[in-house]
Amino acid sequence: MKLTSRVLIAAAFSFLAINLRAASEIVIAIRYLQAEGTSHSHVYLYREDGKFLRQLTSDNAGQDVDPVFAPDGETIVFSREKQGSPVEFWSVRPLGGEPAKLDSVPDWYEQTKTSPCFTNRDVSTVGESVSSATLSPEPSSPSLAGMMGGRRSYKAPDGSVELILREDPSDPDDRANGEKHGKHYVLRYLKTGIQADFGTLPGFFGAYEILHERQNPDRRFLLEGLLRVAFFGLHLNSTDGDTSFALDLNGPRFVRLSPNWAAPVPLPGEPAFLTLTENRYVPIPGTTKTANCSYIERWDAQLQKVRYARPKTAATFYGASMFRPERTPNVITIRQNVD
């Protein structure tokens, strides 16, 4: 083969590699629960559309936790937790290769906090306990007596809609945080005057408290291009815990984000969001046992989702980070515990 041809082929492969990484990628630390022996958390890389790219770690000496993309996207740093030993810090490249143990943790890794999410939980409880395959405590909510004192309303920052949260004291369903609560809440389109009770909207199961961004409690709407949603939480029961819904303002309709709890994480500049999703009582393959599990999912403007995990598996989330070329911020991170 002529030298010129080899150079052209090498350049083509280099160009292809660059363009393959032009899409956002998400790195997940996840522990697949197995029937026998000790299961371990490893680091996996996915493309944003859900395509699995490669497994980046496989060492069973400990649990690989909290992978975070470096700001340039060229390196991923994660911690390795071994029972009875100090936490170790390792790095690996997204394209694969042997991970390298670090002598010290990079400043940027320590400074990277969990990205904002929508919740109604206390700051100290959002995302807690996922490393031990248990669910966080129930969301903290204002007392029903306080809510029944009068209606509350929230206008979208672009002036398009208003949500009027009102209860009927004579309606038994409005006296508790549970199924069918919120059917008298109102969605009003401000430019046309058209309005509808929540109970008449497709997908309505119940709505109690509107979720807010953890770092900015005044933010209650997620408006990004074609994505136009507000989020609501609802208590189910002591066994199933809580659940959350997206109110699609384009529909309008309700879409349940999980049979149990899910915390939405905005992707600024994109008509999409992630959720840290909790599923209770997931069957562990090969056994009669179940486990409380957690996953990362991505939702688009049509509220279609992809899950970053093997299908039909019981798994526990141990941290995730998304690298988004040419977006701000270019790294979105969800640590296993809130900073």
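Rules used in this analysis
- Positions within a chain are numbered from 1, following the residues in the order the chain's sequence is written.
- Per-residue local features of the predicted model are confined to residues with pLDDT of at least 70, and side-chain atom pairs are confined, for both listing and counting, to 80 or more; whole-chain, interface and lining totals are unaffected and use all residues.
- Excluding hydrogens and water, the side-chain figures rest on all heavy atoms present in the structure.
- The pLDDT value tells you how sure the predictor is about a given residue, anywhere from 0 up to 100.
- Any two residues having at least one pair of non-hydrogen atoms within 4.5 Å are treated as being in contact.
- Strands qualify as paired when DSSP identifies two bridges or more between them.
- Each helix is a run of H or I in the DSSP string that is no shorter than four residues. Each strand is a run of E no shorter than two, and both are numbered from the N terminus.
- Lines fitted to C-alpha atoms define the axes, with helix axes restricted to the stretch in contact, and inter-axis angles between N-to-C directions lie between 0 and 180 degrees.
- Residues grouped as a nonpolar core are buried Ala, Val, Leu, Ile, Met, Phe, Trp, Tyr and Cys residues, joined through side-chain atoms within 4.5 Å.
- Only protein chains enter the accessibility calculation, which uses a 1.4 Å probe. A residue is then buried if its area is under 20% of the maximum for its type, exposed if over 50%, and partly exposed in between.

## Focus on the confidence of the model for the protein
Move 1: Across the protein, the average pLDDT comes to 88, with 85% of residues at or above 70.
Move 2: With pLDDT under 50 throughout, residues 13-19 is counted as low confidence; its partners more than four residues away or in other chains account for zero contacts.
Move 3: Note on residues 123-149: pLDDT is under 50 here. Beyond four places in sequence and across chains, it has 73 contacts.

## Some thoughts on the sheet that holds strand β5 (residues 76-81)
Move 1: Here four strands make up an open sheet; going across it, the order is β4-β5-β6-β7 and the pairing antiparallel. The two strands at the open ends of the sheet, each matched to only one other strand, are β4 (63-69) and β7 (100-101).
Move 2: With five bridges connecting them, β5 and strand β6 (residues 88-92) associate as antiparallel partners. Residue pairing in the sheet places R80 in a bridge with E88 of β6.

## Remarks on the sheet that holds strand β1 (residues 25-32)
Move 1: On the basis of which strands lie adjacent, the open sheet formed by five strands has the order β3-β2-β1-β23-β24 and antiparallel pairing. The open sheet has two edge strands, β3 (52-55) and β24 (331-334), and neither has a second partner. Neighbouring strand axes in the sheet, compared pairwise and without regard to direction, differ in orientation by 25° on average.
Move 2: Alignment of strand β2 (residues 41-47) against β3, held across three bridges, turns out to be antiparallel. Across the sheet, residue Y44 finds its bridge partner in β3, namely Q55.

## Considerations on the nonpolar core
Move 1: Within the largest apolar cluster, 28 residues are counted, with the highest numbers of intra-cluster contacts made by I26, I28, I30, L274, I296 and Y308.
Move 2: Secondary structure elements with two or more residues in this core: β1, β2, β20 (273-283), β21 (290-299), β23 (315-323) and β24.
Move 3: When sequence neighbours within four positions are dropped, the list of residues in contact with I26 reads Y44, L45, Y46, F69, L274, I296, Y308, A320, S321 and M322.

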